[in-house]
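The lines below spell out each chain.
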Amino acid sequence: MKMHFCIPVSQQRSDALGGRYVLYSVYLDGFLFCRVRYSQLHDWNEQLRRVFGNCLPPFPPKYYLAMTTAMADERRNQLEQYLQNVTMDPNVLRSDVFVEFLKLAQLNTFDITPKKAYLDIFLPNEESINIEIITSDTAERVLEVASHKIGLCRELLGYFGLFLIQFGKEGKLSVVKKLADFELPYASLGSSEVEHCKVGLRKWYMDPSLDSTLMDCRAALDLLYMQAIQDIEKEWAKPTQAQRQKLEAFQKEDNQTKFLELAREVQHYGYLQLDPCTCDYPEPGSGAVLSVGNNEISCCITLPDSQTQDVIFQMSRVKCWQVTFLAFLLSSCLKKMISEKMVKLAAKNPEMIEVPEQSKSKKYHIQQSQQKDYSSFLSRKSKIKIAKDDCVFGNIKEEDL
């Protein structure tokens, strides 16, 4: 499936010799990821083609004359489509050519020199572990280092992920975004304009039944237990009074297995709750809190007259969706649920192709006809959080590209 790359803006710059070039601001999941020139992307595409041949999407051609505003906007749109489409191939995503280019682009954009550093990784109990990293380490590598420190089995890494998490007032917790495997946590954390943002380790699957796969690993069990307690305390999961009493008893006994077995019966257990938003259904100006998990989107809607209404959308009835800045995390959750569903279908189907979505240590397969891209992007005029020093340009000359 496509990743949430977009290029909403670009800048015209001058080099040391007086030539002019265009710098494209690439955003991932609504946040500035890197700034690159057309010539850099062109050379990267050539490197990818030497490895993957003609299976790559078409790359925007060079212009040898001055571009009009319309031509410049068309190129920007084509580059955006290229970045989205090239990430649909999991083999490309895992390749050294892909990862190394994006690593260098992030380092150059944020003026970061590769060196040793220390990074706090926050666990679901809001305590942290301090690990030694290289500033150029990807999220995949940082997750490996953190997992090794807490004793998490390597074969279970695919069930967990690193997130940017905001710790707000009065204990409020907000998951800002899931860090992509090739993303540099050091760079993303340092460049984030979100206040009180930290890197957190959480489970990354939407099907609560997958808990059973992790129960034999002590570290994984601890993480599930901590996150379940946190979700209940933050009221993301909503136990009944009887369930709460039993859960508190199991917690006092430190019986993690029994606690988690009962927690899986709790409403919204394992769901990811998004920040409150407004919607126009069923009435304009209604407030909404969305919880995503277990193949559904659960919406608690507060009407303008303060009455509440619960609405549930089953994933089996969701065919496609459009992505805006506020919906990137929701879209990631929807794609995750679809991939988990396809993995289950794969187990029942003998004619399969590889889809390495659920875990890096296991290989899953699905029918090729089932591989679809369900998400689509709104035009770049939709709401995107733009970095302060980005601006849209007018007529552009293609010199030095």
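These numbers come from a predicted model, not from an experiment.

Scoring rules and cut-offs
- Residue positions are given per chain, counting from 1 as you read along its sequence in written order.
- Residues qualify for local features only when their pLDDT is at least 70, as the model is predicted, and side-chain atom pairs are given and counted only at 80 or more; totals for whole chains, interfaces and linings, by contrast, use all residues.
- Values shown for side chains rest on all heavy atoms present in the structure; no hydrogens or waters enter the calculation.
- One requirement defines pairing of two strands: DSSP has to find at least two bridges between them.
- Runs of E in the DSSP output that reach at least two residues are strands. Runs of H or I that reach at least four are helices, and both are numbered from the N terminus.
- Axis definition: a line fitted to C-alpha atoms, over the contacting stretch in the case of helices. Angles run 0 to 180 degrees between N-to-C directions.
- In this analysis, two residues are considered to be in contact whenever any of their non-hydrogen atoms come within 4.5 Å of each other.
- For a crossing to be left-handed, the near helix must be turned anticlockwise from the far one by less than a right angle; the clockwise case is right-handed.
- We call Asp, Glu, Lys and Arg charged. Ala, Val, Leu, Ile, Met, Phe, Trp, Tyr, Cys and Pro are nonpolar, and the rest, Gly among them, are polar.
- The salt bridge criterion pairs a side-chain nitrogen of Lys or Arg with a carboxyl oxygen of Asp or Glu, the two atoms within 4 Å.
- Any residue under 20% of the maximum accessible area for its type is buried, any over 50% is exposed, and the rest in between are partly exposed; the area is computed with a 1.4 Å probe on protein chains only.
- Centres within 6.5 Å are what make two rings of Phe, Tyr or Trp a pair, Trp counting through its six-membered ring; a difference in plane orientation under 30 degrees is then read as stacked, over 60 as edge-to-face, and the rest as tilted.
- Put simply, a charge is over a ring when the Lys NZ or the Arg CZ is close to the ring centre, within 6 Å, and near the line of the ring normal, within 35 degrees.

S.K.: Outline the sheet that holds strand S6 (residues 160-167), supporting the account with residue identities and numerical values.
M.R.: Strand order across the open sheet formed by five strands is S5-S4-S8-S6-S7, with mixed pairing between neighbours. Every interior strand has two partners, whereas the edge strands, strand S5 (128-134) and strand S7 (173-178), have only one. Taking each pair of neighbouring strands and ignoring which way they run, the sheet shows an average axis angle of 45°. Inspection of the sheet shows S6 paired to strand S8 (residues 197-203) by seven bridges, in the antiparallel sense. In the sheet register, Phe-163 faces S8, and the bridge partner there is Gly-200. Set on the sheet, helix H5 (residues 139-150) makes contact with strand S4 (116-122), S5, S6 and S8; between it and S5 the angle comes to about 130°.

S.K.: Could you give an account of the packing of helix H1 (residues 38-52) against helix H2 (residues 69-86), naming the residues involved and the relevant values?
M.R.: Relative to each other, H1 and H2 sit at 35°, their axes nearing to 12 Å. Remark: the crossing between H1 and H2 carries left-handed chirality. On H2, the residues touching Tyr-38, Leu-41, Trp-44, Asn-45 and Leu-48 of H1 are Arg-75, Leu-79, Tyr-82, Leu-83 and Val-86. Among the residues making up the contact of H1 with H2, the classes are represented as eight nonpolar, one polar and one charged.

S.K.: Give me the pattern of salt bridges: which residues, what numbers.
M.R.: Throughout the structure, instances matching the rule amount to 13 salt bridges. One salt bridge in this structure joins Asp-211 and Lys-203, with 3.6 Å as the shortest N-O distance. Considered together, Asp-211 and Lys-203 belong to a single accessibility category, that of buried residues. Measuring nitrogen to oxygen at the nearest pair gives 3.5 Å for the salt bridge that ties Arg-264 to Asp-211. Pair noted here: Arg-264 is in the loop between helix H10 (256-263) and strand S9 (272-273) and Asp-211 is in helix H7 (residues 211-214), with a separation of 53 residues, a long-range link. Through salt bridges with shared partners, one network takes in Arg-141, Glu-144 and Arg-154.

S.K.: With reference to specific residues and values, describe the sheet that holds strand S3 (residues 31-37).
M.R.: Read from one edge of the open sheet, three strands run S1-S2-S3, paired in antiparallel fashion. For this open sheet the edge positions go to strand S1 (5-14) and S3, each flanked by a neighbour on one side alone. Going across the sheet, the axis of each strand differs from the next one's by a mean of 25°, ignoring polarity. The sheet contact formed by strand S2 (residues 20-28) and S3 spans six bridges and is antiparallel. Bridge pairing in S3 places Leu-23 opposite Arg-37. H1 rests against S2 and S3 of the sheet, and its axis sits at about 85° to S3. Where H2 meets the sheet, its contacts fall on S1 and S2, and the angle it forms with S1 comes to roughly 135°.

S.K.: Account for the packing of aromatic side chains, naming residues and giving values.
M.R.: Where two aromatic rings form a pair, the distance of their centres and the angle of their planes describe that pair. Tallying each qualifying case throughout the model produces 13 aromatic pairs. Arranged with centres 5.9 Å apart and planes meeting at 90°, the rings of Phe-33 and Phe-182 form a pair that is edge-to-face. Of this pair, Phe-33 sits in strand S3 while Phe-182 sits in the loop between S7 and helix H6 (185-191), and the two are 149 residues apart along the sequence. Classification of Phe-182 by relative accessible area gives buried; the value is 4%. Judged by centre distance (5.6 Å) and plane angle (45°), the ring pair of Phe-122 and Phe-167 falls under tilted. Here Phe-122 is found in strand S4, whereas its partner Phe-167 is found in strand S6, with 45 residues between them in sequence. Grouping residues by exposure puts Phe-122 and Phe-167 together as buried. Grouped by ring-pair contacts, the aromatic residues Phe-5, Phe-33, Tyr-38, Trp-44, Phe-59, Tyr-82, Phe-98, Phe-101 and Phe-182 constitute a single cluster. Over the ring of Tyr-21 we find Arg-37; its NZ or CZ atom is 4.2 Å from the centre of that ring.

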